[in-house]
Amino acid sequence: QVQLVESGGGLVQPGGSLRLSCAVSTSAFSRYTVAWFRRAPGKEREPVASVTPNFTIKTYTESVKDRFTIYKDNAKKTVELQMNFVTPEDTGIYYCAARDRGESRYMYWGQGTQVTVSS
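In what follows, the accompanying structure is described. Given the structure is predicted, the values throughout are model-derived calculations rather than measurements. (Residues numbered from 1 in each chain as written. Predicted model: local features only at pLDDT ≥ 70, side-chain atom pairs only at ≥ 80, totals over all residues. Heavy atoms only, no water.)

The residue Asp-90 is located in the loop between β8 (78-83) and β9 (92-99) in this model. Looking at Asp-90, the relative accessible area reads 1%, which means it is buried. Linking Asp-90 and Val-64, residues 26 residues apart in sequence, is a C-alpha distance of 8.6 Å. Beyond its immediate chain neighbours, meaning those up to four positions away, Asp-90 contacts Arg-38, Val-64, Arg-67, Phe-68, Phe-85, Val-115 and Val-117. Side chain to side chain, Asp-90 and Arg-67 meet in a polar contact 2.8 Å long. Here the side chain of Asp-90 touches Thr-87 through a polar contact of 2.8 Å, landing on its backbone nitrogen. (Helix = DSSP H or I, 4+ residues; strand = E, 2+ residues; numbered from the N terminus. Buried < 20%, exposed > 50% of the residue type's maximum accessible area, 1.4 Å probe, protein only. Contact = heavy atoms within 4.5 Å. Polar contact = N/O pair within 3.5 Å; in protein donor to acceptor, adjacent residues only side chain to side chain.)

Below, the structure is given as structure tokens:
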């Protein structure tokens with residue numbers, strides 16, 4: 001069973017920075033593609049960023065490109081999301097998710113961490 005635990009959410013002012021962390025408990029962490037999703041108030045959940053097992057491919061939704069960076073550390077079994085120049089539109093619950101090689105859907109999810117961007 002794979003478990004994911006997010007941390008690092010909170011209140012941040014517009015233009016500020018925040019770093020989210022996702023700890024993944026599995027012995028095969030290096031096999032997993034890991035992603036961050038978010039659900040803004042009144043909106044559908046959307047993907048934010050993802051990273052493949054061998055770090056070769058990182059993808060970002062258009063609205064966060066050049067502001068957010070995803071990092072994966074196989075030794076620590078963590079995936080972090082560095083959020084810079086945040087705006088109120090970045091407010092939402094951020095979820096970490098993982099899928100194993102060969103899986104087309106993200107099967108494992110964390111409980112989410114709240115990010116609020118407000119002055």
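A few words on the pairing of strand β3 (residues 18-25). As defined by bridge partners, strand β1 (residues 3-7) adjoins β3 across five bridges and the pair is classed as antiparallel. By the bridge assignment, Ser-7 is partnered in β3 with Ser-21. Pairing between β3 and β8: six bridges, direction antiparallel. Each residue of the ladder has a partner; that of Ala-23, found in β8, is Thr-78. (Pairing = 2+ DSSP bridges.)

Glancing now at the pattern of salt bridges. In this structure the tally under the stated criterion is six salt bridges. One salt bridge in this structure joins Glu-80 and Arg-19, with 2.6 Å as the shortest N-O distance. With a gap of 61 residues between them, Glu-80 in strand β8 and Arg-19 in strand β3 connect regions that are remote in the sequence. Linking Glu-46 and Arg-38 is a salt bridge whose minimum nitrogen-to-oxygen distance equals 2.7 Å. Of the residues examined, Glu-46 reaches a relative accessible area of 27% and is grouped as partly exposed. Since its relative accessible area comes to 4%, Arg-38 is described here as buried. The network of salt bridges with common partners includes Arg-38, Glu-46, Arg-67 and Asp-90. (Salt bridge = Lys/Arg side-chain N within 4 Å of Asp/Glu carboxyl O.)

Turning our attention to the state of the cysteines. Throughout the structure, instances matching the rule amount to one disulfide. Note on cysteine connectivity: Cys-22 is disulfide-linked to Cys-96, with sulfurs 2.1 Å apart. On the sign convention where negative means left-handed, the S-S torsion of about -85 degrees between Cys-22 and Cys-96 marks this disulfide as left-handed. Of this pair, Cys-22 sits in strand β3 while Cys-96 sits in strand β9; the two residues are 74 residues apart in sequence, bridging distant segments of the chain. For Cys-22, a relative accessible area of 0% translates into the label buried. (Disulfide = S-S within 2.5 Å.)

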